[in-house]
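# Fold and geometry: a report
Given next are the chains, with one letter for each unit.
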Amino acid sequence: MAERYVLQTEGLTKRYGKTAVVDRVSIGVREGTVYGLLGPNGAGKTTLLRMIAGLGRPDGGRILFDGKPWSRECLGRIGALIEAPALYGNLTARENLKVHALMLGLPDSRIDEALETVGLAGSGRKRAAAFSLGMKQRLGIAIALLKQPRLLILDEPTNGLDPLGIRELRALIRSFPARGVTVLVSSHGLAEIGQLADDIGIIHGGKLLHQGRLDRNTDVEALFMDVVRASGREADAR
């Protein structure tokens, strides 16, 4: 049976001046999986995700969503949390979601469903400004889930979280494929991606150096270092 891809990029490129921060990157995100995009800070991960989420225009290549060329209409089926969530600190979790639901023309039932999914249904009258970092991240994800997306894009979602917050967020992310939501998540945390992802892409210096399925017994740190070293040797040979 042929693999079904929710998202594919073909030779995607983004330049700032003469520098290609994303250099002909081609990834394939299989339906019903968590795809981990792994790379150090400055590797091009966020720029790549921003283009997929419609927040930046590629200078080359193309994006396919559900096998068709990406268009603005695709954004109705893509949810994204890139960088820190934009929250109204003086509002409750439900009130924050209500603002977005009104802008999107969505019913209140979507609010209740999203809050339940991320574990914030019991947050009551507590204002978002008083939330822990983990709760703020989950609220940002709830906003991204309001549209009931097929693809959820998360950029470094565990940054700054304590071990308990990381564990809770990891369990939440792993639950999404069973809910019909495919996830594309970026991180510079080797161990974190190893515990989250079904498939992995390693990006370094704007280039995709490796892509493939991730076995749970894989030493992700060793894989990453081998891939980066091999890339360096190839560059030296040229």
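Residues numbered from 1 in each chain as written. Predicted model: local features only at pLDDT ≥ 70, side-chain atom pairs only at ≥ 80, totals over all residues. Heavy atoms only, no water.

Read across the sheet, six strands follow the order 7-8-9-4-10-11 without closing on themselves; strand pairing throughout is mixed. With one partner strand each, in any of the chains shown, strand 7 (78–81) and strand 11 (207–213) form the two edges of the open sheet. Strand after strand, the sheet turns through a mean of 15° between neighbouring axes, direction not considered. By the bridge criterion, six bridges tie strand 10 (residues 199–204) to strand 11 in an arrangement that is antiparallel. Bridging across to strand 11, I200 finds its partner in G212. This element, helix 4 (residues 133–145), spans strand 7 and strand 8 (151–155) of the sheet and lies at about 160° to strand 7. (Pairing = 2+ DSSP bridges. Helix = DSSP H or I, 4+ residues; strand = E, 2+ residues; numbered from the N terminus. Axes fitted to C-alpha atoms, helices over the stretch in contact; angles between N-to-C directions. Contact = heavy atoms within 4.5 Å.)

What follows deals with the nonpolar core. If you look at the biggest cluster of nonpolar residues, it comprises 43 residues, and the most contacted ones within it are L97, I141, L152, L154 and F176. For this core, the leading source of residues is helix 4, giving seven residues. With residues up to four places along the chain from it excluded, the contact list for L152 reads G79, A80, I141, A144, L145, F176, V181, T182, V183 and L184. Ranked by size, the runner-up nonpolar core spans 24 residues in total, among them V29, Y35, I63 and I78. (Core = buried A, V, L, I, M, F, W, Y, C linked by side-chain atoms within 4.5 Å. Buried < 20%, exposed > 50% of the residue type's maximum accessible area, 1.4 Å probe, protein only.)

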